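# Reading the structure
If you want the building blocks of each chain, they are given just below.
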Amino acid sequence: MDLVQLEIFKAVAEHGSISAAAQHIHRVPSNLTTRIKQLEQDLGVDLFIREKSRLRLSPAGWSFLDYARRILDLVQEARATVAGEEPQGSFPLGSLESTAAVRIPELLAAYNQKHAKVELDLSTGPSGTMIDGVLSGRLAAAFVDGPVLHPALEGVPAFEEEMVLIAPLNHAPIHRAQDVNGENIYAFRANCSYRHHFESWFSKDASVPGKIFEMESYHGMLACVSAGAGLALMPRSMLESMPGCTTVSIWPLSESFRYLRTWLVWRRGTVSQSLTMFVRLLEERGVVQEAV
């Protein structure tokens, strides 16, 4: 097994076909086919499930892809460190939508100014999706709702968010979940930690929401609540950044549910030079908080 084989395997795994991978890494398809077969023989397992012109990763292939990415990243980092180079290359970063919209734009701009050779690639989504991206190696790090207790992850606490309940302007006062028992709510998909938090708020007060409408954006939630169709939960910082925030009533949650901490997490033992510089910038800007 050598680095060329790992690079070829990674390219084929990410593009799903020999021809597409060959174009991407500027090699002839026959060379890729031969090197993949040699790698499979060396490992003694099939890394791909072959379906006509497409290649689909086998369970063993998925596991090996994670290691291949980590090995190649470490080699790139080692070369840069020995050569005394500044961080460079791709830095895939994940984030909650609200964090990306409100908390980190200035940080990303400052990072880009200091490390112009780094290619920031920002993805947004629910905490569950972002954590899966970090675990799979697709993301170098991600801002998620924390703390994250997964044994393969580590990180630092960053932003504290005040969570608020929004309701139509003419809604009766809301002091507890019993006050809105059975009412419809708007939330992200089931792997969203804020949705879990919202549902837990109901459950803790022996209440349940009515129908849960899954939305793709906070702007969509705000529009629906403003129209009088239900309730939603979101960070106050996100709400106050949106036009139309005055078209709904805002209700704080009880103290035990009111605040959540956003963490920056990464896979344990895989801190790249780009990530190290990013964490250092967070520390310089006073973003990194004490863990509680």
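Residues numbered from 1 in each chain as written. Predicted model: local features only at pLDDT ≥ 70, side-chain atom pairs only at ≥ 80, totals over all residues. Heavy atoms only, no water.

With an unreviewed UniProt entry as reference, the chain is termed HTH-type transcriptional regulator GltR, source organism Pseudomonas frederiksbergensis. The UniProt entry for the chain carries the following text under Sequence similarities (unreviewed entry): "Belongs to the LysR transcriptional regulatory family." (UniProt positions renumbered as here; feature names shortened; annotations may be inferred.)

## A few points about empty space enclosed by the protein
Counting across every chain of the model gives one cavity of 30 Å³ or more. Every residue along the wall of the largest cavity is listed here: Y186, A187, F188, C192, Y194, R195, F198, Y218, M221 and L233. Taken together, the elements giving at least two residues each to the lining of the largest cavity come down to strand 7 (185–187), helix 8 (193–204) and helix 9 (218–226). Take the lining of the largest cavity: its biggest share by element is three residues, from helix 8. (1 Å grid on protein atoms, 1.4 Å probe; cavity = no way out; pocket = protein on both sides within 12 Å on 5 of 7 lines; lining within 4 Å. Points joined across faces, edges and corners; volume = space filled by probe spheres on them. Helix = DSSP H or I, 4+ residues; strand = E, 2+ residues; numbered from the N terminus.)

## What to know about helix 9
Looking at helix 9, one finds that the buried residues are Y218, G220, M221, L222 and V225. Note on helix 9: the residue one or two positions beyond its end, G228, has a positive phi of about 90°. (Buried < 20%, exposed > 50% of the residue type's maximum accessible area, 1.4 Å probe, protein only.)

## Observations concerning the pattern of salt bridges
Enumeration according to the criterion identifies 17 salt bridges in this entry. K10 serves as the salt-bridge partner of E14, at 3.4 Å between the closest nitrogen and oxygen. With E14 and K10 both in helix 1 (residues 3–15), this residue pair falls four residues apart, about one helical turn. Looking at E14, the relative accessible area reads 40%, which means it is partly exposed. Here the salt bridges share partners, and the residues they tie into one network are E162, R236, E240 and R258. (Salt bridge = Lys/Arg side-chain N within 4 Å of Asp/Glu carboxyl O.)

## As for the packing of helix 2 (residues 18–25) against helix 3 (residues 29–43)
Direction vectors running N to C along helix 2 and helix 3 enclose 110°, while the axes themselves pass 9 Å from each other. The pairing of helix 2 with helix 3 is recorded here as roughly perpendicular in orientation. Every residue of helix 3 that contacts helix 2 at I18, A21, A22 and I25 is listed here: P29, L32 and T33. Tallied by class, the residues present in the contact of helix 2 with helix 3 amount to six nonpolar, one polar and no charged. (Axes fitted to C-alpha atoms, helices over the stretch in contact; angles between N-to-C directions. Parallel < 35°, antiparallel > 145°, perpendicular 65-115°, else oblique. Contact = heavy atoms within 4.5 Å. Nonpolar A, V, L, I, M, F, W, Y, C, P; charged D, E, K, R; others polar.)

## Points about the environment of V164
Residue placement: V164 occurs in strand 6 (residues 153–168). In this structure, the C-alpha to C-alpha distance between V164 and S237, residues 73 residues apart in sequence, is 9.6 Å. Residue contacts for V164: discarding those within four places in its chain leaves A232, L233, M234, R236, L239, I250 and W251.

## Quick notes on the domain arrangement of the chain
In terms of domains, the chain is made up of domain 1 (3–81), domain 2 (87–152 + 269–285) and domain 3 (161–259). Each of domain 1 and domain 2 was reduced to a C-alpha centroid, and the two centroids are 25 Å apart. Tallying the contact residues gives six residues for domain 1 and ten residues for domain 2. Each partner contributes to the roughly 600 Å² buried at the junction of domain 1 and domain 2, and carbon and sulfur atoms together form 42% of this total. Counting every contact that joins domain 1 to domain 2 gives zero salt bridges. At the junction of domain 1 and domain 2, the tally comes to one residue pair in polar contact (both at pLDDT 80 or more). (Domains from an automatic or database assignment. Buried area = accessible area lost by both parts, 1.4 Å probe. Polar contact = N/O pair within 3.5 Å; in protein donor to acceptor, adjacent residues only side chain to side chain.)

## Some remarks on the packing of aromatic side chains
Taken as a whole and assessed by the stated rule, the structure comprises twelve aromatic pairs. Between F188 and Y218 the ring centres are 4.9 Å apart and the planes differ by 85°, which places this aromatic pair in the edge-to-face class. With a gap of 30 residues between them, F188 in the loop between strand 7 and helix 8 and Y218 in helix 9 connect regions that are remote in the sequence. Summarising the aromatic geometry, the rings of F198 and F202 are spaced 5.4 Å apart at their centres and angled 45° between planes, so their arrangement reads as tilted. (Phe/Tyr/Trp six-rings, centres within 6.5 Å; stacked < 30°, edge-to-face > 60°.)

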